[in-house]
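Descriptive analysis of the structure
Spelled out, the chains give:
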Amino acid sequence: ITINKMKGKNFGIIISTLDTHGPNGIIDERFINKFNNLEGLEYSVAVLNYLIEDFYLYMEENNFIDNTTIIFLSDHLYMVQPEILKGINERNLIYLSNSKIKLKNFDLSSIYQVHMPQMILSSCGIEHNIKFFSDYFTNITDKKIIENQSLITSLNLSAFKLADYNYSKKNDTGQQFR
């Protein structure tokens, strides 16, 4: 982030985690000594909270907050209902941002993953003429997604094949990407 900021150009960075992925989260062993009194999803949520706070403090200490749009997104609706989520019946996607730009044309109570690219660009004030999947697949409902599941899946698989992701590459420290 610091290197890109010093270049003086706009840039984007995506930070992704699966730590809180269900049903019980994924144990990030770097924090076992810090949160040794917690287990499962509660442990994973505590780790994620710590990492988000650390990221925010870094951005604040380096005076990046005022000219940075930060967006937190969930990757999908929760698929299981662990004990700590009992009683929460809504399964909406999560979209949180510090953007001062109000999202237009999005009902946050009925957004789907296909809306995310447009929401990100809108939150950052980026004007474009890009056509997205959701421009053609309108009035999205759970039923409509289930009825078109094989089509949607084939589109997703095509995108991965076109991108030619190679997860066997190693980073600068010689560690293999996961």
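Residues numbered from 1 in each chain as written. Predicted model: local features only at pLDDT ≥ 70, side-chain atom pairs only at ≥ 80, totals over all residues. Heavy atoms only, no water.

**Some points on a nonpolar patch on the surface**
Together, Ile-52, Phe-72, Ile-94 and Leu-96 make up a nonpolar patch on the protein surface, roughly 330 Å² of accessible area in all. Mapped onto the fold, Phe-72 is located in strand 1 (residues 71–73). (Patch = residues over 30% accessible without salt bridge, like charges linked within 9 Å, V, L, I, M, F, W, Y side chains within 5 Å. Areas by Shrake-Rupley, 256 points an atom, 1.4 Å probe, with all protein chains shown as cover. Salt bridge = Lys/Arg side-chain N within 4 Å of Asp/Glu carboxyl O. Helix = DSSP H or I, 4+ residues; strand = E, 2+ residues; numbered from the N terminus.)

**Here's the deal with the side chain of Asp-28**
Structurally, Asp-28 can be placed in the loop between helix 1 (2–6) and helix 2 (40–61). Ignoring sequence-local partners within four residues, the contact set of Asp-28 consists of Asp-19, Tyr-43 and Val-47. (Contact = heavy atoms within 4.5 Å.)

**Digging into the packing of aromatic side chains**
Applying the stated criterion across every chain, the model contains five aromatic pairs. Their ring planes at 85° and their centres at 6.3 Å tell us that Phe-35 and Tyr-43 sit as a pair that is edge-to-face. Just as Phe-35 is buried, Tyr-43 falls in that class too. A centroid spacing of 6.1 Å and a plane angle of 70° characterise the contact between Tyr-58 and Phe-64, whose relative ring orientation is edge-to-face. In this structure an aromatic cluster arises from ring pairing among Phe-31, Phe-35, Tyr-43 and Tyr-50. A cation over an aromatic ring shows up here: Lys-34 above the ring of Phe-35, its NZ or CZ 5.9 Å from the ring centre. (Phe/Tyr/Trp six-rings, centres within 6.5 Å; stacked < 30°, edge-to-face > 60°. Buried < 20%, exposed > 50% of the residue type's maximum accessible area, 1.4 Å probe, protein only. Lys NZ or Arg CZ within 6 Å of the ring centre and 35° of its normal.)

**What about the pattern of salt bridges?**
This structure, assessed with the given rule, holds two salt bridges. Put simply, Asp-28 and Arg-30 hold a salt bridge, and the shortest N to O gap is 2.6 Å.

**Some remarks on unusual backbone geometry**
Residue Asn-63 is not a glycine yet carries a positive backbone phi of 55°. By the secondary structure assignment, Asn-63 is in the loop between helix 2 and strand 1. Here Asn-63 falls in the exposed class, since its relative accessible area comes to 64%.

**What about helix 2?**
Relative to the 32 Å expected for 22 residues at 1.5 Å per residue, helix 2 spans 32 Å between its end C-alpha atoms, a close match to the ideal helical length. Listing the buried residues of helix 2 in full gives Leu-41, Tyr-43, Ser-44, Ala-46, Val-47, Phe-55 and Met-59. In the stretch just after helix 2, Asn-63 is the one whose phi turns positive, near 55°. (Expected span 1.5 Å × (residues − 1).)

**Describing a negative patch on the surface**
A contiguous patch of negative charge on the surface is contributed by Glu-53, Asp-54, Glu-60 and Glu-61. Topologically, Asp-54 is positioned in helix 2. (Lys, Arg positive; Asp, Glu negative; His and termini not counted. Charge placed at Lys NZ, Arg CZ, Asp CG, Glu CD.)

**Things to note about helix 3 (residues 116–123)**
Along helix 3, the residues that are buried comprise Met-116, Gln-118, Met-119, Leu-121 and Ser-123. In the core, the buried residues of helix 3 are packed alongside strand 1, strand 2 (95–97) and helix 4 (133–136).

**Describing the environment of Ile-14**
Structurally, the position occupied by Ile-14 is in the loop between helix 1 and helix 2. Look at Ile-14 and you get exposed, because its relative accessible area is 79%. Separated by 58 residues in the primary sequence, Ile-14 and Phe-72 place their C-alpha atoms 9.9 Å from one another.

**Description of the confidence of the model for the chain**
On average, the chain scores 76 in pLDDT, and the residues at 70 or more come to 77%. Confidence, read as mean pLDDT per element, is least for helix 6 (residues 149–163) in the chain (68) and greatest for helix 2 (89). Note that pLDDT drops below 50 for residues 164–178; the model gives that stretch 11 contacts with residues more than four away or on any other chain. (pLDDT = per-residue confidence, 0-100.)

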